[in-house]
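Chains, contacts and geometry: an overview
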Amino acid sequence: MIANLFFFQPIQLSAPIFVALFDYDGSMSPVEFDNHDRIGQITIGIQNFAPSTDYILHFDMYKEDIYYSTRKSSASISIRLRVEWADEQKALLASLRLFPAVHVNVEKAQTLKTTQYTCDRECDRTSYSLTTLASYIDELYEYLELVYYIEDALYCVLLWRGNFDVTITLPCFPYRDEPENNIRVFKHFTCSLPLHSMFAFW
């Protein structure tokens, strides 16, 4: 178990965090032994996390660069993540600008290889090959699971289904034929408002 603490200053709200695992080899021989075996790589988008909140994230690492559903994880990693912004408004406005070019300088050739794998991996997803085509097809099949949620969301918006519960408190007076219970009471009524439809057709 390895525990390290890192602090980063993100450029934009949409700036991702690249994490890669390697089997570190010593530098006894720069040719034979200085070759770090790749275990896996992940990308974390910080725009999905609320500021000033601690998150414990668990990821499976894969050696394969090409995506397919039957691949097996080679390792797992747990990360504690906390995002803090000095000025959230400036961070949001900065994300509207184009992402600037970032240059990374290293001293060793082996460090360059590990850095390239961490940021870009070795998969060329733009090349025409059966492996790349099969990975895209398999990824599209995974998206079919979202069809149910999309249909449910459309029905909810188009049919004005209630999705936000609001509790209303109203005074309730007793019946006239029961003077002994002449006490004002309050009753709570809950109604569901179709806020999604109201915003969609506003």
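Coordinates for the structure precede this section.
The rules behind the values
All residue numbers refer to position in the chain's written sequence, counted from 1. This being a predicted model, a pLDDT of at least 70 is required before a residue's local features are given, and a value of 80 or more before pairs of side-chain atoms are given or counted; all residues contribute to the totals for chains, interfaces and linings. Side-chain measures here rest on the full set of heavy atoms in the structure, leaving out hydrogens and waters. In this description a helix means any DSSP run of H or I spanning at least four residues, a strand means any run of E spanning at least two, and both kinds are numbered starting from the N terminus. The term nonpolar core refers to a set of buried residues drawn from Ala, Val, Leu, Ile, Met, Phe, Trp, Tyr and Cys, joined through side-chain atoms within 4.5 Å. Partly exposed describes any residue whose relative accessible area lies between the buried limit of under 20% and the exposed limit of over 50%, with all areas from a 1.4 Å probe on protein chains only and scaled to the type maximum. Pairs of residues are marked as contacts when any of their non-hydrogen atoms sit within 4.5 Å. A helix is expected to reach a length of 1.5 Å times the quantity of its residues less one. The arc in question is traced by the directions running from the helix axis to the C-beta atoms.

**Section: unusual backbone geometry**
Backbone geometry places Ser-52, a non-glycine residue, at a positive phi of 60°. The residue Ser-52 is located in the loop between β2 (37–45) and β3 (54–61) in this model.

**Topic: the nonpolar core**
If you look at the biggest cluster of nonpolar residues, it comprises twelve residues: Ile-17, Val-19, Ile-42, Ile-44, Ile-46, Phe-49, Leu-57, Met-61, Ile-77, Ile-79, Leu-81 and Val-83. Counting residues per element, the ones that place at least two in this core are β1 (16–23), β2, β3 and β4 (75–82). Here this core takes three residues from β4, the largest share from any one element. With residues near it in sequence (within four places) discarded, Ile-46 still touches Pro-10, Gln-12, Leu-13, Ala-15, Ile-17, Val-83 and Trp-85.

**A closer look at helix α3 (residues 130–143)**
A rise of 1.5 Å per residue sets the reference length of α3, with its 14 residues, at 20 Å; its end C-alpha atoms lie 20 Å apart and thus fit the reference within 8%. Buried within α3 are the following residues: Thr-132, Ser-135 and Asp-138. All buried residues of α3 lie within an arc of 125° about the axis, which places them on one face of the element. In α3, those exposed residues whose orientation departs by more than 90 degrees from the buried face are Leu-130, Leu-140 and Tyr-141.

All we've got here are geometric facts, nothing functional implied.
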